[in-house]
Amino acid sequence: NSKVVIAIDGYSSCGKSTVAKDLAKLLNIIFIDSGAMYRCVTLYALENNIIKGGGIDEDLLQKVLSEITISFKFDAQTKANDTYLNGKLVEDKIRGLDVSNHVSAISALGFVRKKMVELQQKMGETDSIVMDGRDIGTVVFPHADLKLFMTASPHIRAERRFKEYKEKNERISFEEVLENVRKRDHIDETRKESPLRKAADAIVLDNGEMSKEEQLDFIVRELRNRK
Ligand code: C5P
């Protein structure tokens with residue numbers, strides 16, 4: 001059996017998705033960005049008045065959760081894995097500041113996590129997969145073949161995100177981005193439901209000073225050691 005499951009967890013904006021994408025391409029396996037799924041639920045909640053005045057209408061969200069379908073389609077031209085919410089391409093929208101500011105609160109809800117974890121486990125049932133997120137090695141795939149825990153300093157991570165926002169012409173200061181990174185770290189680490197935690201058998205990858213190639217080499221070497 002050559003099926004392989006790779007779990008990548010870690011803080012926001014530390015390049016998990018970039019590495020996961022490259023790794024999936026190299027190994028010719030499926031890549032799933034679990035954060036995109038929580039972002040979809042958040043976008044849906046924002047667009048349907050489930051989040052308003054700073055609060056979340058949890059009863060309403062629970063009621064409509066079954067109406068939310070999330071899918072990924074690989075775009076051969078751009079080589080991107082695009083996210084679809086109820087059939088609509090939302091890749092750009094889910095990366096915006098509005099969604100980023102509310103996603104940690106939405107993903108702290110137990111009933112949201114339950115549904116997402118079920119969907120994620122289904123995706124890994126038959127195919128080889130690399131999935132990135134916060135609870136992939138601890139909750140979604142506790143028996144993953146390889147678990148990585150990625151980190152980098154909040155400053156380095158905020159710089160990366162800031163550059164992305166700049167490229168998209170979002171009007172935001174570096175301080176605001178840093179604040180968002182710090183706030184999300186805090187919520188992700190301290191929430192009751194599946195807090196962000198390194199799995200006991202996960203390997204730490206601090207990529208603050210590493211190139212993309214060095215990170216890939218590191219992971220492929222670890223994978224070889226295991227199989
Ligand atoms: O990975 P990304 O930053 O896009 O994830 C957005 C948010 O979704 C995170 O800040 C976290 O609150 C939540 N998340 C989660 N569990 C996952 C993936 C993401 O709680 N497996």
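Counting of residues starts from 1 at the beginning of each chain's written sequence and follows it residue by residue. Under the rules for a predicted model, residues below a pLDDT of 70 receive no local features and side-chain atom pairs below 80 are neither given nor counted, while totals for whole chains, interfaces and linings still include all residues.

Moving on, we come to the overall build of the protein. Of the regular secondary structure elements, the protein holds nine helices and 10 strands. A radius of gyration in this sense is built from C-alpha atoms; the matching globule rule multiplies 2.2 Å by the number of residues raised to 0.38. Whereas a compact globule of 227 residues would reach a radius of gyration of roughly 17 Å, the protein reaches 17 Å, a difference of no more than 12%. The principal-axis extent of the C-alpha atoms belonging to the protein is close to 50 × 40 × 40 Å. In the protein, which comprises 227 residues, the share counted as buried stands at 36%. Strands here are runs of E lasting at least two residues and helices are runs of H or I lasting at least four, both read from the DSSP assignment and numbered beginning at the N terminus. Any residue whose C-beta has 12 or fewer other C-beta atoms within 10 Å is treated as exposed, any with 20 or more as buried, and any in between as partly exposed, C-beta atoms being built from the backbone.

With that settled, the discussion passes to helix H4 (residues 97-106). Here H4 has its buried residues at Val-99, Ser-100, Val-103, Ser-104 and Ile-106. Here the buried residues of H4 occupy an arc of 155° about the axis, which is enough to place them on one side. Contacts here follow a simple rule: the backbone-placed C-beta atoms of the two residues must lie within 7 Å. Buried residues belonging to H4 abut helix H2 (34-47), strand E4 (55-56), helix H5 (110-126) and helix H8 (174-190). Note: the arc covers the axis-to-C-beta directions of the helix.

Following DSSP output, two strands are said to pair if at least two bridges run between them. Spatial ordering of the open sheet is given by E5-E6-E7, a layout of three strands whose pairing is antiparallel. Strands at the two margins of the open sheet, each flanked by one partner only, are strand E5 (70-75) and strand E7 (88-89). In this structure, E5 lies alongside strand E6 (residues 80-85), joined through six bridges in antiparallel fashion. Of the residues in E6, the one forming a bridge with Phe-74 is Asn-81. The axes used here are C-alpha line fits, helices contributing only the stretch in contact, and every angle between their N-to-C directions lies in the interval 0 to 180 degrees. Sheet strands touched by H2: E5 and E6. Its angle to E6, the strand with the most contacts, is close to 35°.

With respect to topology, five strands assemble into an open sheet ordered E2-E8-E1-E9-E10, the strand pairing being parallel. The sheet is open, and its two borders are formed by strand E2 (30-33) and strand E10 (203-206), each paired with just one other strand. Here the average twist between neighbouring strands, direction ignored, is 20°. Here four bridges tie strand E9 (residues 146-151) to E10, and the two strands are oriented parallel to one another. Across the sheet, Thr-151 pairs through a bridge with Asp-206, a residue of E10. With respect to the sheet, helix H9 (residues 212-226) is in contact with E9 and E10, its orientation differing from that of E9 by roughly 155°.

A few words on the UniProt feature "binding site: ATP" (unreviewed entry) in the protein. UniProt positions are given in the numbering used here, feature names are shortened, and annotations may be inferred rather than shown by experiment. UniProt tags Gly-10, Tyr-11, Ser-12, Ser-13, Cys-14, Gly-15, Lys-16, Ser-17 and Thr-18 as "binding site: ATP" (unreviewed entry). Position of Ser-12 among the secondary structure elements: in the loop between strand E1 (5-10) and helix H1 (16-27). Contact partners of Ser-12, with chain neighbours within four places excluded, come to Arg-157, Val-181, Arg-184 and Asp-185. The class of Thr-18 is partly exposed, set by 14 C-beta atoms lying within 10 Å.

Once that is clear, we can look at the site of the ligand. Neighbouring the ligand are 14 residues, the closest being Gly-35, Ser-104, Ser-107, Gly-133 and Arg-134. Where the shell around the ligand is concerned, the elements lending two or more residues are H2, H4 and H8. When residues of the shell around the ligand are assigned to their parent elements, the largest contribution, four residues, is made by H2. Throughout, the ten residues Ala, Val, Leu, Ile, Met, Phe, Trp, Tyr, Cys and Pro are labelled nonpolar, Asp, Glu, Lys and Arg are labelled charged, and all others, Gly among them, are labelled polar. When grouped by side-chain class, the residues that make up the shell around the ligand number three nonpolar, six polar and five charged. For each residue, a C-beta atom is positioned from the backbone; the residue is called near a molecule or strand if that atom sits within 6 Å of it.

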